[in-house]
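Chain by chain, the residues:
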Amino acid sequence: MSLCRTWVEEELIPGHIYPIAIAHFMYNGTVVGTGTVEMKLEYDSFSASYVLNLTISDATTNTYVYNSIMILDGNNVNVALFTYAKSYNKGTGLLVVHESIYIPQLTPPINFSVFGLTILNWGEVIGNALIYGGTINLPNTLFMINELATILDQIPFTPSVNITASAFNEYQTITCNVCSGQVSVFVILAYYNATAKQIMVVGFQTIVGGFSSANVQWSIPFNPNC
Amino acid sequence: MSYYYEEEEVDITDIFQLLKTVEQTNPAQYRQLYINTVYQFLYDISVYLQYFPSGTFTLFESDSLTVQIVNNGIQAIYNGQTVLGLLQIAQTISSLLAYDFGLLNSFLSAVYYNLNQIVKQIVPPDNVKQYLQDLYNRLINIG
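To start, this report covers the structure provided alongside it. Predicted model only: the values in this text are computed from it and were never measured. (Residues numbered from 1 in each chain as written. Chains lettered and ligands numbered in written order. Predicted model: local features only at pLDDT ≥ 70, side-chain atom pairs only at ≥ 80, totals over all residues. Heavy atoms only, no water.)

1. A word on the interface of chain A and chain B
Counting from both sides, the interface comprises 18 residues of chain A and, opposite them, 21 residues of chain B. Summed over both partners, the interface of chain A with chain B comes to about 1,600 Å²; 52% of that surface belongs to carbon and sulfur atoms. Taken together, the links from chain A to chain B amount to zero salt bridges. Taken together, the connections running from chain A to chain B amount to 14 residue pairs in polar contact (both at pLDDT 80 or more). Breaking the side of chain A that touches chain B down by element, the ones donating at least two residues are β10 (141-146) and β11 (151-156) of chain A. (Contact = heavy atoms within 4.5 Å. Buried area = accessible area lost by both parts, 1.4 Å probe. Salt bridge = Lys/Arg side-chain N within 4 Å of Asp/Glu carboxyl O. Polar contact = N/O pair within 3.5 Å; in protein donor to acceptor, adjacent residues only side chain to side chain. Helix = DSSP H or I, 4+ residues; strand = E, 2+ residues; numbered from the N terminus.)

Written out as structure tokens, the structure is:
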């Protein structure tokens, strides 16, 4: 599943996240019940993702039929929509639904911690922000690394933006003269704070044969239906 | 039919004078040349980084800039900021040395001295020591 477009545009991009607050049980788009949400963040090595496990509960005696659940944050912004192929009846008792939000976590080709940097994990940062609220930093730097793991070049990532029906795209044409003539170059996209000595890798790609000019793009997919 | 040409005489005995001329006629190209020189030096070191043991080895240290090899990677700390890219480290060094080739000469001397000290600290692994010992014994026996 993907996070909602409104959440990506209104909170992730500006960088301020509000904690998840409530759940709306819905039937064909109409809210029929309200639930509480408990959250726990875990790392799933099988899918290489941070998983935000949600326990959605409605302890009221209300009865209704639902076929989707919308998760909202404390800023009343839609965060995630879970839709079901069939409808479920809530009886008069406690309703508990378990759902998960997966946030992929990359393992970069170089371990930046050897430079004394603190490694931030994109999935972990977002997951924790959805639980507790907080600040998110988007990538601001590109690192060019050769096959000997030498960082040849680092340049600011100041992208242009393009929004499609299901993704927020940032792209930039970069030049790296010292990358030409290399056997291959890893281009790593990261949030980097040289003063606080923090780094958070959000993407990388390999360019075989080196390059002097290249196009870099990264995307945040979103669910357009919520 | 005969051809005649006059050889142009280029006096490169004073390389600094030549660089001065480039600096005055094309300052941007001169700075690029300077940065490239520093970059190439750092790149040449980087090729051998894999042979260094883990740990921190200082190549150059001043009030505002420290260049060091940290766990097989080159990094610089400039005014408290960590600089990782070789090109950016080269630019930082170039700026600090005010694009002066005379100062670069002093900088390189300092780095060479430190590299020399670092090499003395590196203890070869036992198998390499044994190999060298065997080689030594073989050579003196041949003699």
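Resuming the write-up.
2. Quick word on the packing of helix α1 (residues 15-25) of chain B against helix α2 (residues 27-47) of chain B
All names here are of chain B. Two elements in contact, α1 and α2, have axes whose closest approach is 5 Å; the angle formed by their N-to-C orientations is 130°. Our classification of the angle between α1 and α2 gives oblique. In contact with L19, V22, E23, Q24 and T25 of α1, α2 contributes P27, Q29, Y30 and L33. By residue class, the composition of the contact of α1 with α2 is five nonpolar, three polar and one charged. (Axes fitted to C-alpha atoms, helices over the stretch in contact; angles between N-to-C directions. Parallel < 35°, antiparallel > 145°, perpendicular 65-115°, else oblique. Nonpolar A, V, L, I, M, F, W, Y, C, P; charged D, E, K, R; others polar.)

3. Observations concerning the nonpolar core
With 95 residues, the main nonpolar core has A:W7, A:I71, A:W122, A:M144 and A:F211 as its most contacted residues. Considering every element that reaches this core, the biggest residue donor is α2(B), with nine residues. Listed in part, the 14 residues of the second largest apolar core include A:I110, A:I145, A:A194 and B:L84. (Core = buried A, V, L, I, M, F, W, Y, C linked by side-chain atoms within 4.5 Å. Buried < 20%, exposed > 50% of the residue type's maximum accessible area, 1.4 Å probe, protein only.)

4. A few points about the pattern of salt bridges
Residues and elements named next belong to chain A. Taken as a whole, this structure holds two salt bridges over all chains when the rule is applied. In this structure, E9 and R5 form a salt bridge, with 3.1 Å as the shortest nitrogen-oxygen distance. Of this pair, E9 and R5 are both found in helix α1 (residues 5-12), four residues apart, which corresponds to roughly one turn of the helix. Across the pair E42 and K40 runs a salt bridge whose closest N-O atoms are separated by 3.6 Å.

5. Quick word on the sheet that holds strand β14 (residues 184-193) of chain A
All names here are of chain A. Judged by pairing direction, the sheet is mixed, and its five strands sit side by side in the order β8-β15-β14-β10-β11 without closing on themselves. Of all strands in the sheet, those with a lone pairing partner are β8 (118-119) and β11, marking the two edges. Relative to β14, β10 runs antiparallel, the two being bridged by six bridges. Opposite N146, over in β14, you have V185 as the bridge partner. (Pairing = 2+ DSSP bridges.)

6. Considering the packing of α2(B) against helix α3 (residues 86-96) of chain B
Residue and element names in this part refer to chain B. α3 packs onto α2 with a crossing angle of 130° between their chain directions and a minimal axis gap of 8 Å. Relative to α3, the element α2 is oriented oblique. Two packed elements cross with a definite hand, and for α2 against α3 that hand is right-handed. In this structure, α2 uses Y34, I35, V38, Y39, L42, Y43 and S46 to contact α3, whose residues at the interface are L86, L87, I89, A90, Q91, I93 and S94. Per-class residue counts for the contact of α2 with α3 are 11 nonpolar, three polar and no charged. (Left-handed = near helix turned anticlockwise from the far one by under 90°.)

Everything listed is a geometric property; what it means functionally is a separate question.
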